[in-house]
Amino acid sequence: MSFADTLIRLPRVKSPLLERFERLISASETRHLEAMAVQSRQITLRHFGRTIRLFAPLYVSNECVNNCAYCGFSRDNHILRVTLNLPQVLAEARHLADQGFRHLLLVSGEQSRFVSVEYLRDLTRALRSLMPSISLEVGPMETDEYRRVVEAGAEGLVAYQETYHREMYAQVHTHGPKKDFDWRLETPERAAAAGFKRLGIGALFGLAPWREEALALAAHAEYLLRECWKCQITVSLPRLRPAAGSYEPRHPLGDRELVQLVCALRICFPTLGIVLSTREPAALRDGLIPLGVTMISAGSHTEPGGYTGAGRDQVHVTVGGRVRMDGERGTVETIKSEGQSLTPAEEQFAVADLRSPDEMARRLREMGYEPVWKDWDAVLAPGMAEALS
């Protein structure tokens, strides 16, 4: 049985844990939000202490063959695109390592012509000397393809379903392999079979009614915690942000409801990792951290070359997913001077929290938390091996 079967039955069949979660996110429970926040904070301190793990996304490509109505990388958006080569990715990674990061998330659009398994394998191998912890957020692959990247040193895979609502999923994914709802839904299971140690899932809030989305996300987390018990599971709760294409959320998730959702997840899943990105504004992030968040990004860029400017002399334009004029490239200034009606945006979405990594770490310490930059599993393993020998 796969999670697809569980999701189909979810409206009729729920575990006691999911019934409790559904009550906690109900409209009637908003009057108890303060009590939920107190409980959530206590549970978080008990299981995670006062530590927050930091990571950085490194976008290696914004090429994509999918048409996703809400995404800045969508194939029909006439934006400037680039895929970084190995030296350029290493330059970006060195910049992040100099800032203290030791956990890297490699991100790309879905375009196998540019971002192949071999490309990801080579990047992972080269980056291992700089970053002890490497995760991927790329187009779904077969188990054997994932296994090759795991053998190169990748430890984590992030695969957001975007929306668990099948009808809405079909409406916003109109072209490309991402149209296949079940193929994407089963991605974490293939990743676990390939040997990834960490699995990240999430829903993009704003596409479908948030309570329905949250219940499906919780059900997915419950399923993976049970079936993929060898893996660490994290959930992310991204909300739609401005991006090329100007998609407007149909079902916005408000700040108060986001707080309720974080608290409900922590109360029902005490050891679950909860990730919060720079999509959210600084003040809200500061308020959410004590309530259940365990991992955050900082100083993020959501475009390839965003940290160092790498690849800016190699940008090109795609039309309908194809590189214009069979791969012609040029600088941003050259392309814009040709009179094309283009969106000069390369980012996937606009970042809301603009604080630097140093500023974020300083703020965490002011709040009484210790920012953790390293992959402690990798750091502790040698010492543990010596102790047991």
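## Remarks on the environment of L33
Then step 1. Structurally, the position occupied by L33 is in helix 3 (residues 33–48).
Then step 2. Expressed as a C-alpha distance, the spacing of L33 and Q260, which sit 227 residues apart in the sequence, is 6.5 Å.

## Observations regarding helix 6 (residues 143–152)
Then step 1. Burial in helix 6 covers these residues: T143, Y146, V149, V150 and A152.
Then step 2. Elements that come into contact with the buried residues of helix 6 comprise helix 5 (117–127), strand 5 (133–137), strand 6 (156–158) and helix 9 (187–194).
Then step 3. G153 sits one or two residues past helix 6 and shows a positive phi near 125°.

## Side note on the pairing of strand 4 (residues 103–108)
Then step 1. A large share of strand 4 lies buried, amounting to 6 of its 6 residues.
Then step 2. Where burial is concerned, the two faces of strand 4 agree: the one with H103, L105 and V107 and the one with L104, L106 and S108 are both buried.
Then step 3. Alignment of strand 1 (residues 51–61) against strand 4, held across 5 bridges, turns out to be parallel. Looking at the pairing, A56 lines up with L104 of strand 4.
Then step 4. Note that strand 4 and strand 5 share 5 bridges and pair parallel. Each bridged residue has a counterpart across the sheet, and for H103 the counterpart in strand 5 is S133.
Then step 5. In this region the chain leaves strand 4, passes through helix 5 and returns to the parallel neighbour strand 5; the handedness of that crossover is right-handed.

## Comments concerning the pattern of salt bridges
Then step 1. Under the counting rule described, the total for this entry stands at 19 salt bridges.
Then step 2. Of the charged contacts, one joins E280 and R239 as a salt bridge, the two residues approaching to 2.5 Å between their closest N and O atoms. Of this pair, E280 sits in the loop between strand 10 (273–276) and helix 12 (282–288) while R239 sits in the loop between strand 9 (232–236) and helix 11 (255–268), placing them 41 residues apart in sequence.
Then step 3. We classify R239 as buried; its relative accessible area is 11%.
Then step 4. With a shortest N-O distance of 3.1 Å, D286 and R355 are connected by a salt bridge. Of the two residues, D286 is situated in helix 12 and R355 in the loop between helix 13 (332–337) and helix 14 (357–366); the sequence distance between them amounts to 69 residues.
Then step 5. When salt bridges with common partners are traced through the structure, they connect R285, D286, D353, R355, R363 and E366 into a single cluster.

## Points about the packing of aromatic side chains
Then step 1. For the structure shown, the criterion picks out 6 aromatic pairs.
Then step 2. Where F101 meets W373, the ring centres are 5.2 Å apart and the plane angle is 75°; that geometry is what we call edge-to-face. Taken together, the residues span a long stretch of sequence, with F101 in the loop between helix 4 (86–98) and strand 4 and W373 in the loop between strand 14 (370–372) and helix 15 (376–388) at a distance of 272 residues. Just as F101 is buried, W373 falls in that class too.
Then step 3. Counting every residue linked through ring pairs, the aromatic cluster contains F3, Y164 and Y223.
Then step 4. Taking NZ or CZ as reference, R190 lies 3.5 Å from the ring centre of W183, over its face.
Then step 5. One Lys or Arg, R279, reaches over the ring of F349 and ends 3.7 Å from the middle of that ring.

Here is what the cut-offs are and how they apply
- Residues numbered from 1 in each chain as written.
- Predicted model: local features only at pLDDT ≥ 70, side-chain atom pairs only at ≥ 80, totals over all residues.
- Heavy atoms only, no water.
- Helix = DSSP H or I, 4+ residues; strand = E, 2+ residues; numbered from the N terminus.
- Buried < 20%, exposed > 50% of the residue type's maximum accessible area, 1.4 Å probe, protein only.
- Contact = heavy atoms within 4.5 Å.
- Pairing = 2+ DSSP bridges.
- Right-handed = clockwise from strand over helix to strand, strands pointing away.
- Salt bridge = Lys/Arg side-chain N within 4 Å of Asp/Glu carboxyl O.
- Phe/Tyr/Trp six-rings, centres within 6.5 Å; stacked < 30°, edge-to-face > 60°.
- Lys NZ or Arg CZ within 6 Å of the ring centre and 35° of its normal.

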